[in-house]
Amino acid sequence: MEPSRIKDTALASQVSEGELAWSRVISPVTEHYCRSIAQRDYHGKRLAYWGHITRQNIILMMSALKQTGAEIVIGACNVDSTDDTAAAYASALGIGVYGWQGMSRQDYTENLAIVRRFDADYLCDMGGELCVAYLDKTPPVKGALEATMTGLHLLRNQNLPFPVFNWNDIPLKDLHNRYHVGDGVWPAFNYLTSMSLYAKHVLVIGCGPVGKGIAERARALGALVLVADLDPVRLLEAGHFGCEAVSLDEGLKRSNIIVTATGVNGVLRAEHLCRMRPGTILFNAGHSNREIDIDWLYAQPHQRIKPHIERFNLDHTHVYLLAQGSLLNLAGGAGVYGVDQFDLFTAIMLLGITWMFDGLSPGIQPGLQRYPQHLEREVAETALRLHRLE
C-alpha cells in the first residue's frame, strides 16, 4: 500500500492524553465497547473503511481496532469533512489514511483507487462507493456495513456478491439523524456566517429523519421554516411540528436560507439555482456533496468571501454556498462539536465491524441486509445502563 496521504503528520500531537480521556468520559457507550474489543485477537482480519474521518467517530474506534491486531486502511468519503488532526492521529497508529479537508475530486478519486487496492475482507462504507469499488474483487469480501441513504440508493442498483448490512434504516440511526445532525448543523451555520436564525425564512428540502431534525431545530431557534418533500405524508407530518409544507418552487421564492437533506444527487439544478432570491445562503446536510449541482455552480463567476463561504453570480441573482456543498455539520470548519452525539453512532459501527470479524453465518445471503437487531438492542441497553443515575 502507498503511504498515508494526509495534510500533516505533525498534527497527531494535537490529540492530547487529556482530550482522549475526556472523549472516553463523554462517549461512555463507545468506550465500553472499546475496552472490551481491545482485548480480542483479530490478527488476520482486514478492514477497509470509507467514511468521515473526524474526532467524533475515528479516534477511539480506530485505537481499539488497531490494538486487536486487525489490518486497517481508511479513506475519506467526502472532499471536505476530514478533521486533519484525526487523520494524522490514525496514521500515527500505523493505519493507512487517505484523505484531508479540501480535497479536489481528482484527489478523492485517487484515494478511493488506493483503498481499493487493499485486499480487505470486510468493508465499512458511507456512501456506497467503497462497496461498488470492491464488486469485482476475487474472492469477494465477506461482509460490509453501509450507513447512509445515499449509499443505499447506489447499492440497490448493484448486483452485490457479498452481504451489505444496512444500518441507515435502524431506529438508533434515525435518532442520530433526527436529533444529533439537526443539533450540529445550526451551530456550524452560526459559526461560519455570524448569523442567528431569528425571523429568517428557512427552506428544508427533504423531510426524512435528517430534514425533520434540521427543521425542528431551526424553528426552535426562531426561524420561519418551510419544508419541501415529494412524500405527502412527510409534508403532513411537518405541519404537526410547526413547519409549513410547500412546493419546491414556492419554497425557493420565499426563502433566504436553503438546506438540502435528501441523500439524493441533483436535487437543486441550474434552473433552481437561478430562481433563488438574491443573497440566498445555500448549504447541504445530506451525505452526498452532489445534492446541489456544484459542477455547474463552480462554472459560474464566483469568489471566495471567507473560509467556507463563496459567492456565485448567476444571471439575475447571486447566492452564497457554504462548505462547497459538503455536509455542513462536519465540513464547515467549525471545529469539534458534539462528540457525545456520535457515541451511539460509533458504538453501532464498532459492534457491527467486530460482529463481522467474529464470523458471519453461512446462511446470510449476498445483497442488502438489515443490520442485526440484537446488536442494536445491545447498544441501546448498554446506553440505558450507563446513562442511568443510581
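All values derive from a computational prediction rather than experimental measurement. (Residues numbered from 1 in each chain as written. Predicted model: local features only at pLDDT ≥ 70, side-chain atom pairs only at ≥ 80, totals over all residues. Heavy atoms only, no water.)

**Details of the nonpolar core**
We apply this condition: In these notes, a set of buried Ala, Val, Leu, Ile, Met, Phe, Trp, Tyr and Cys residues joined through side-chain atoms within 4.5 Å is what counts as a nonpolar core. Summary of the burial criterion: residues with accessible area below 20% of their type's maximum are buried, those above 50% are exposed, and those between are partly exposed, where the area comes from a 1.4 Å probe applied to protein chains only. Working definition: helices are DSSP H or I runs of at least four residues, strands are E runs of at least two. Numbering for both runs from the N terminus. Throughout, a contact is declared for two residues whenever any of their heavy atoms are within 4.5 Å.
Formed by 82 residues in total, the largest nonpolar core has its most connected members in Leu 65, Ile 74 and Leu 123. With ten residues, the single largest contributor to this core is helix H15 (residues 343–357). Excluding residues within four positions of it along the chain, Leu 65 makes contact with Ile 37, Leu 47, Ala 70, Ile 72, Leu 350, Ile 353, Thr 354 and Phe 357. Judged by nonpolar contacts, the second largest core, of 32 residues, contains Cys 207, Val 225, Ala 285 and Ala 323.

**Focus on the layout of surface pockets**
Put simply, the test is: Lining residues are defined by having an atom within 4 Å of a point belonging to a cavity or pocket. Those points lie on a 1 Å grid over the protein atoms alone, cavities being sets where a 1.4 Å probe fits but cannot get out and pockets being open sets with protein on both sides within 12 Å along at least five of seven lines. Grid points are joined across faces, edges and corners, and a volume is the space filled by probe spheres set on the points.
In this structure, the largest pocket encloses a volume near 820 Å³. The wall of the largest pocket is formed by 40 residues, among which Met 149, Val 210, Ala 261, Thr 262 and Gly 263 lie closest to the centre. Broken down by secondary-structure element, the contributors of at least two residues to the lining of the largest pocket are helix H7 (149–155), helix H8 (171–193), helix H9 (209–220) and helix H14 (328–331). Top contributing element to the lining of the largest pocket by residue count: H8, with five residues. Roughly 280 Å³ of internal volume is contained in the second largest pocket. What lines the second largest pocket is a set of 16 residues, and nearest its centre among them are Gly 127, Glu 129, Thr 150, Asn 265 and Ser 288. Those elements that provide at least two residues to the lining of the second largest pocket are helix H5 (105–116) and H7.

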